[in-house]
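Summary of structural features
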Amino acid sequence: YQAKQTGRGMHIFDTQQDQEVHTRYNRLAVMSQALHQSEFRLYYQPKVNLRTGAVVGAEALLRWQHPEQGLLAPGEFLPLMEHSDLIVETGEWVLHQALAQLQTWVRQGLRWVVSVNIAARHFHRVDFVDRLRGLLACYPQAPAHLLELEILESAILQDIPHMRQVMQGCQALGVCFALDDFGTGFSSLSYLKRLPAETIKIDRMFVDGILDDAEDITLVSAIVALAKAFERSVIAEGVETSAQASKLLALGCELGQGYGIARPMPPEAIVGWAAAYGKTFTAPANA
Ligand code: C2E
Ligand code: MG
Ligand code: MG
Ligand code: MG
């Protein structure tokens, strides 16, 4: 430290670096408080069959209902959290909420897969499988096979055998996996063979250009072919228009999620949304 003598005495947060550490620490403390004061919410974004319009599931997406700043998306607070154990505590809270929601939907006769994003730091905890087993036991009416964990492709670490082992441990409980944002990481294709994820999620970056960018079309076709060859299911994220949905169907991708279908919404809105969507859905042309 470059402690400096001032009229008011010694200041330990003096250099810019010290101040950054201080700010980070404060922001984490505020987030921890937010978690304990129930300011976090889960929104849900439907996943549908693009051909039939059937709702197949919903992805849980974290929001912070900030008392002054309003509803904050994860981009505004998650990156900092991911470098601290607060992400583990938050991740467990998310799993609890999502399983409670799944249980509610199952009681209503709905068979929707609930997807939960899991941070690398959380997933790599030694007790991840044991804690998940304990969580599932808290919600006996939430079938484990309707819980899907989304792991970022970019979070695949070097230790594939370990990752594979954890995934298999979860799968033994009935839980399934999706590789999120597929195509944006730098993982070798051989990881796909070694990681037993049931589903591949095509990143929205590729879906974005699917109508006019020949390279994006090639990439999406290649990912779909890869998924089929490895007997994995495939879903596209970021579907914003019905033209994109038609194109995805033509390329062999049947499942989709995106603003063009529905934005993430509070759980109590989704049943009503699904009913309205079912009434107005029309199958895309030429698909
Ligand atoms: P993700 O898992 O890839 O989720 C998809 C993101 O794309 C969500 O952003 C969603 O709102 C947004 N999105 C969906 N459809 C469209 C579309 O048609 N167009 C565009 N432009 N965007 C679309 P969101 O909710 O801001 O979340 C961002 C990321 O934060 C997520 O990306 C996920 O990686 C992470 N995240 C969200 N919730 C959690 C959580 O509970 N735990 C962890 N560890 N990560 C989370
Ligand atoms: Mg996701
Ligand atoms: Mg994604
Ligand atoms: Mg994404």
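Just so you know, these numbers come straight off a predicted model, no measurement behind them.

In this structure the tally under the stated criterion is 10 aromatic pairs. An aromatic cluster is present here, built from Phe40, Trp64, Phe77 and Trp93 joined pairwise through their rings.

Another aspect to go through is helix α5 (residues 128–138). What α5 keeps buried is the set Phe128, Val129, Leu132, Leu135 and Leu136. Looking straight down α5, one finds its buried side chains confined to an arc of 120°; they lie on one side. Looking at the buried side of α5, the elements it contacts are α3 (86–107), α4 (120–123), β7 (147–152) and α6 (160–172).

This paragraph deals with the coordination of the magnesium ion (ligand 2). Taken together, the protein donors to the magnesium ion (ligand 2) comprise Glu59 (OE), Asn117 (OD1), Glu150 (OE) and Asp180 (OD), at separations of 2.0 to 2.2 Å. For the magnesium ion (ligand 2), the single-chain donor residues occur in sequence as E-x57-N-x32-E-x29-D. A distance of 3.8 Å spans the gap from the magnesium ion (ligand 2) to the magnesium ion (ligand 3), which Asp180 bridges by coordinating each metal. Taken together, the residues span a long stretch of sequence, with Glu59 in strand β4 (residues 55–66) and Glu150 in strand β7 at a distance of 91 residues. Accessibility expressed as a relative area gives 1% for Glu150, which makes it buried.

Moving on: the site of ligand 1. Near ligand 1 lie 22 residues; those nearest to it are Arg63, Asp180, Arg204, Glu240 and Tyr259. Between ligand 1 and Leu62, the relevant distance is 3.1 Å, taken from a nitrogen atom to a main-chain nitrogen or oxygen of the residue. Backbone polar atom of Tyr259 to an oxygen atom of ligand 1: 2.8 Å apart, as the coordinates give it. If ligand 1 stood free it would expose 800 Å²; the protein chains cover 84% of that surface.

Moving on to the pattern of salt bridges. Pairing is possible between side chains that carry opposite charge, provided their charged atoms lie close to one another. The final tally for this structure, using the stated rule, is 9 salt bridges. For Glu150, the salt bridge goes to Lys47, with nearest N and O atoms at 2.9 Å. One end of the pair, Glu150, is in strand β7; the other, Lys47, is in strand β3 (residues 40–49), with 103 residues separating them in the sequence. The residues Glu150 and Lys47 share a single accessibility class, namely buried. One network of salt bridges, with partners in common, ties together Lys47, Glu59, Glu148, Glu150 and Lys201.

In this section: the packing of helix α1 (residues 16–36) against α3. Contact pair α1 / α3: the axes reach a minimum separation of 11 Å and the direction vectors enclose 20°. The orientation of α1 with respect to α3, classified from their angle, is roughly parallel. The handedness of the crossing between α1 and α3 comes out as left-handed. When α1 is examined against α3, the residues Leu28, Met31, Ser32, Leu35 and His36 are found in contact with a partner set consisting of Leu86, Glu89, Thr90 and Trp93. Tallied by class, the residues present in the contact of α1 with α3 amount to 5 nonpolar, 3 polar and 1 charged.

Turning to the confidence of the model for the protein, a few remarks are in order. Chain-level statistics for the protein give a pLDDT mean of 92 and a share of 94% at 70 or above. Across residues 1–7, where pLDDT falls below 50, the model places 12 contacts with residues more than four positions away in sequence or in other chains. This prediction of the complex comes with two scores: 0.93 for pTM and 0.98 for ipTM.

The pairing of strand β9 (residues 199–202) with strand β10 (residues 233–236) spans 4 bridges and is classified as parallel. Considered in β10, the bridge of Thr199 is made with Ser233. Two elements, β10 and strand β11 (residues 255–256), share 2 bridges in a ladder whose sense is parallel. When the sheet's bridge partners are listed, Ile235 is paired in β11 with Leu255. In this view, the connection linking β10 to its parallel neighbour β11 by way of helix α10 (residues 242–250) has right-handed handedness.

Taking 1.5 Å of rise per residue, the 16 residues of helix α9 (residues 214–229) would be expected to cover 22 Å, and the 22 Å separating its terminal C-alpha atoms lies within 8% of that figure. Of all the residues in α9, the buried ones are Asp216, Val220, Ile223, Val224, Leu226 and Ala227. Taken end-on, α9 shows its buried residues confined to a sector of 160°, consistent with a single buried face. In α9, those exposed residues whose orientation departs by more than 90 degrees from the buried face are Ala214, Glu215, Thr218 and Ala229.

Turning our eyes to something else, we now look at unusual backbone geometry. Residue Asp181 is not a glycine yet carries a positive backbone phi of 50°. Examined against the element boundaries, Asp181 turns out to sit in strand β8 (residues 176–182). Under the relative-accessibility criterion, Asp181 is labelled partly exposed at 21%. The backbone phi angle of Glu231 is positive, close to 55°, even though this residue is not glycine.

Conventions we followed
- Residues numbered from 1 in each chain as written.
- Chains lettered and ligands numbered in written order.
- Predicted model: local features only at pLDDT ≥ 70, side-chain atom pairs only at ≥ 80, totals over all residues.
- Heavy atoms only, no water.
- Phe/Tyr/Trp six-rings, centres within 6.5 Å; stacked < 30°, edge-to-face > 60°.
- Buried < 20%, exposed > 50% of the residue type's maximum accessible area, 1.4 Å probe, protein only.
- Helix = DSSP H or I, 4+ residues; strand = E, 2+ residues; numbered from the N terminus.
- Arc of directions from axis to C-beta.
- Contact = heavy atoms within 4.5 Å.
- Donors = N, O, S within 2.8 Å, 3.2 Å for Na, K, Ca; no water.
- Near = heavy atom within 4 Å.
- Polar contact = N/O pair within 3.5 Å; in protein donor to acceptor, adjacent residues only side chain to side chain.
- Areas by Shrake-Rupley, 256 points an atom, 1.4 Å probe, with all protein chains shown as cover.
- Salt bridge = Lys/Arg side-chain N within 4 Å of Asp/Glu carboxyl O.
- Axes fitted to C-alpha atoms, helices over the stretch in contact; angles between N-to-C directions.
- Parallel < 35°, antiparallel > 145°, perpendicular 65-115°, else oblique.
- Left-handed = near helix turned anticlockwise from the far one by under 90°.
- Nonpolar A, V, L, I, M, F, W, Y, C, P; charged D, E, K, R; others polar.
- pLDDT = per-residue confidence, 0-100.
- Pairing = 2+ DSSP bridges.
- Right-handed = clockwise from strand over helix to strand, strands pointing away.
- Expected span 1.5 Å × (residues − 1).

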